Amino acid sequence: MKTALTALASTALALALWQAVIWITGVPNFILPSPLRVLETMIESRALLATHFMTTASEILIGLALGALLGGLTAIGLAASPIARQLVRPMLVFSQAVPVFALAPILTLWFGYGMGSKIVMALLIIYFPITSAFFDALMRTPQGWIDMARVMGASNARIMRVIRIPAALPGLASGLRLGAVYAPIGAIIGEWVGASKGLGYLMLLANGRAKTDLMFAALIVLAVFTVLLHAAVDRACRATLDRTREGPGGV
Amino acid sequence: MSAPGLHIRASARIGETQVLAPLDLRVAGAAWTCLLGASGVGKSTLLRLIAEVADGVTLDGSITATDAAPLKGRIAMMAQSDLLMPWLTITQNVTLGARLRGTAPDLPRAEALLEQVGLADHASKRPEALSGGQRQRAALARTLMEDRPVVLLDEPFSALDARTRAQVQDLTAEFLRGRTVLMVTHDPAEAARLADHITILTEGGHSDWPAPSGTAPRAVDDPAMLHTTGALLARLRAA
């Protein structure tokens, strides 16, 4: 309840500052619309915003799910095999030196103007953080646990499944939280480069026609969605993956 | 269950650095042997070598059971840290071995063991809800669940407070009776309480030390035990 009140107060303050800037500078509407104007636009154009939102949200959610799946599998593969580590890790690190933004045009060429290229973009941008966070956690399994498991007669595959993966799930959760914030960036970049649907496309379109209020409306819809997505992922992680975290009074 | 003795004729090194002096050490079967010695002399390394989990350490020589059968699959290990998985309940932790081998856990037996170590009321709790002594008792139940003739203990009581330590020592001594126990410890009093045989490991090899009279676990105020504690401490300080 207290956090809700704080959030409300913080939002009110932000809106007040926004309005104050407009009053003080007398900036025209097409440069910076007032909060009220943006709200009006949001209500007037709700059907338009909703259509484009659905596209972008789908791209983000599918990208996040695929990125989590691929990142998770990559991390497990790397953790399980020293040969894979030696061969694949340098590639992964090098791939991070390539700005994903620079790949957007070629992805559009490969995967088309539809949702495919945006999903791949979102996937690419979250793949490394998820892989990296989960992999690091998998490599940090306490040696004592692994030794004990070996004395108990466990195979490496079972040690991975019964001990290392559960122990590393909080690391995967950290990666997913980052992913929830990064995935929208990927989708929007994808839409900017070439799309006919989505909030990114709508923002570009509105900007080009000096419909700044519509651009802001789309931006706010996207930002609110990102915040909610992060909160949802955080909650889901707390309820599931984080349960393997060492509690108070631990080792 | 016949508990074999161990015969260690070996030295060990990491690369060119010797981490264990050449030993010809016989560990008596069905008895409790305490291994004392300064830090870095290779006590824990020796346990890891026996358990075949000493990655990166080269063993020169052999570690065999006196009944000539392979040791693999006949060893259980208990460490200073309880090594309980924080996401599993106590019962699940106690039956971890079965899960790791892909066999069905013997739940009635786990229940009975938890009862015996006094954790029946905590079976469905997670380790974080337990005290240090309770956690180490859960680790003991997990070790007993494995039901192996040879048990390696690496300072399992050193993190406990004095009173809890004495309690868990008693419990462990009682339940491991009849097995071949090799325990690494820094604490002469612990060795004097629990050991049937005492061996001091040094950088040059090892020497045996007479255990106090009477059967282990000896009372915490047993005069013979206290005398041995003092003499052992003096010996260790001189080394």
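Here the structure is a predicted model, which means the values were calculated and not measured. (Residues numbered from 1 in each chain as written. Chains lettered and ligands numbered in written order. Predicted model: local features only at pLDDT ≥ 70, side-chain atom pairs only at ≥ 80, totals over all residues.)

A.B. asks: Please explain the overall build of chain B as it appears in this structure.
C.D. replies: Secondary structure summary: chain B contains eight helices and nine strands in total. Taken over the C-alpha trace, chain B has a radius of gyration of 18 Å; the compact-globule value for 239 residues is 18 Å, and the two agree within 12%. Here the C-alpha coordinates of chain B stretch approximately 50 × 40 × 30 Å along the principal axes. For chain B, with 239 residues in total, the buried portion stands at 44%. Relative to all contacts within chain B whose residues are 6 or more apart in sequence, the contacts with residues 24 or more apart total 72%. (Helix = DSSP H or I, 4+ residues; strand = E, 2+ residues; numbered from the N terminus. Rg over C-alpha atoms; globule rule 2.2 N^0.38 Å. Buried ≥ 20, exposed ≤ 12 C-beta atoms within 10 Å, placed from the backbone. Contact = placed C-beta atoms within 7 Å.)

A.B. asks: What is the right way to read the sheet that holds strand β1 (residues 6-14) of chain B from this model?
C.D. replies: Where strands meet in a sheet, backbone hydrogen bonds hold them as pairs that are either parallel or antiparallel. Residues and elements named next belong to chain B. Taken in spatial order, the three strands line up as β2-β1-β4 in an open sheet, and their pairing is antiparallel. The outermost strands of the open sheet, each flanked by one partner alone, are β2 (17-27) and β4 (58-65). Adjacent strand axes in the sheet meet at a mean angle of 10° when their direction is disregarded. Looking at chain direction, β1 and β4 are connected through eight bridges and run antiparallel. Paired with Ala10 across the bridge in β4 is Gly61. (Pairing = 2+ DSSP bridges. Axes fitted to C-alpha atoms, helices over the stretch in contact; angles between N-to-C directions.)

A.B. asks: What am I meant to see in the nonpolar core here?
C.D. replies: The tendency in soluble globular proteins is for nonpolar side chains to be buried side by side. By size, the foremost hydrophobic cluster in this structure holds 117 residues, and its most contacted members are Ala122 of chain A together with Ala141 and Leu152 of chain B. If sequence neighbours within four positions are ignored, Leu152 of chain B has contacts with Leu47, Ile50, Ala51, Ile75, Met77 and Leu182 of chain B. Core analysis: the second largest hydrophobic core is formed by 15 residues, Val38, Leu202, Leu214 and Met215 of chain A among them. (Core = buried A, V, L, I, M, F, W, Y, C linked by C-beta atoms within 7 Å.)

A.B. asks: Explain the environment of Met139 of chain A to me, please; I cannot follow it from the model alone.
C.D. replies: The residue Met139 of chain A is located in helix α6 (residues 115-139) in this model. Take Met139 of chain A: there are 14 C-beta atoms within 10 Å of it, and that puts it in the partly exposed class.

A.B. asks: Explanation requested: the interface of chain A and chain B in the structure shown.
C.D. replies: A common way to state how big an interface is: give the accessible area lost once the parts meet. Residue-level contacts link 22 residues of chain A with 20 residues of chain B. Looking at the side of chain A that touches chain B, the elements with two or more residues in it are α7 (143-151) and α8 (156-193) of chain A. Counting residues per element, the side of chain A that touches chain B draws most heavily on α7 of chain A, at seven residues.

A.B. asks: How should the confidence of the model for chain B be read in this particular structure?
C.D. replies: Low pLDDT marks regions whose predicted coordinates should not be analysed in detail. Of the residues in chain B, 99% have a pLDDT of 70 or more, and the chain-wide mean is 92. Reported confidences for the modelled complex are a pTM of 0.85 and an ipTM of 0.90. (pLDDT = per-residue confidence, 0-100.)

A.B. asks: Any chance you could explain the packing of helix α3 (residues 46-80) of chain A against helix α9 (residues 199-208) of chain A here in plain terms?
C.D. replies: In helix packing, the relevant descriptors are the interaxial angle and the interaxial distance, both defined with respect to the helix axes. Residues and elements named next belong to chain A. Axis separation between α3 and α9 bottoms out at 7 Å; the angle between their running directions is 135°. What the angle tells us is that α3 and α9 run oblique. Two secondary-structure elements touch here, α3 through His52, Phe53 and Thr56 and α9 through Leu199, Gly200, Tyr201 and Leu202. Here the residues of the contact of α3 with α9 are counted per class, giving four nonpolar, three polar and no charged. (Parallel < 35°, antiparallel > 145°, perpendicular 65-115°, else oblique. Nonpolar A, V, L, I, M, F, W, Y, C, P; charged D, E, K, R; others polar.)

A.B. asks: Sorry, what's going on with the pairing of strand β7 (residues 180-184) of chain B here?
C.D. replies: For a regular strand, side-chain orientation follows a simple rule: the groups alternate between the two sheet faces. Residues and elements named next belong to chain B. Among the five residues of β7, five are classified as buried, and the element is accordingly described as predominantly covered. Residues Thr180, Leu182 and Val184 point to one face of β7 and Val181 and Met183 to the other, with burial holding for every one of them. Bridge count for strand β3 (residues 32-36) against β7 is four bridges, and the pairing is parallel. Bridge assignment links Trp32 to a residue of β7, and that residue is Val181. Relative to β7, strand β6 (residues 150-154) runs parallel, the two sharing five bridges. Along β7, the bridge assignment pairs Asp154 with Val184. Handedness of the β6-helix α6 (residues 162-175)-β7 crossover: right-handed. (Right-handed = clockwise from strand over helix to strand, strands pointing away.)

A.B. asks: Looking at this model, I keep getting lost on unusual backbone geometry. Mind explaining?
C.D. replies: What is expected of a backbone is that most residues other than glycine have negative phi and most peptide bonds are trans. Residues and elements named next belong to chain B. The omega torsion across Ala216 and Pro217 is -5°, close enough to zero to call that bond cis. Mapped onto the fold, Pro217 is located in the loop between β9 (205-209) and α8 (223-238). Positive phi, normally seen in glycine, also occurs at Ala68, with a value near 70°. Mapped onto the elements of the fold, Ala68 is located in the loop between β4 and β5 (75-78). Ala68 sits in the exposed class, given 8 other C-beta atoms within 10 Å. Even without glycine at this site, Glu155 takes up a positive phi of about 45°. Secondary-structure assignment places Glu155 in the loop between β6 and α6.

A.B. asks: Explain helix α5 (residues 132-146) of chain B to me, please; I cannot follow it from the model alone.
C.D. replies: What sets the pattern is the α-helix's 3.6 residues per turn: residues three or four places apart point alike. Over its 15 residues, α5 of chain B runs 22 Å from end to end, which matches the ideal 21 Å to within 8%, given 1.5 Å per residue. Burial analysis of α5 of chain B places 13 of its 15 residues in the buried class, which makes it a mostly covered element. (Expected span 1.5 Å × (residues − 1).)

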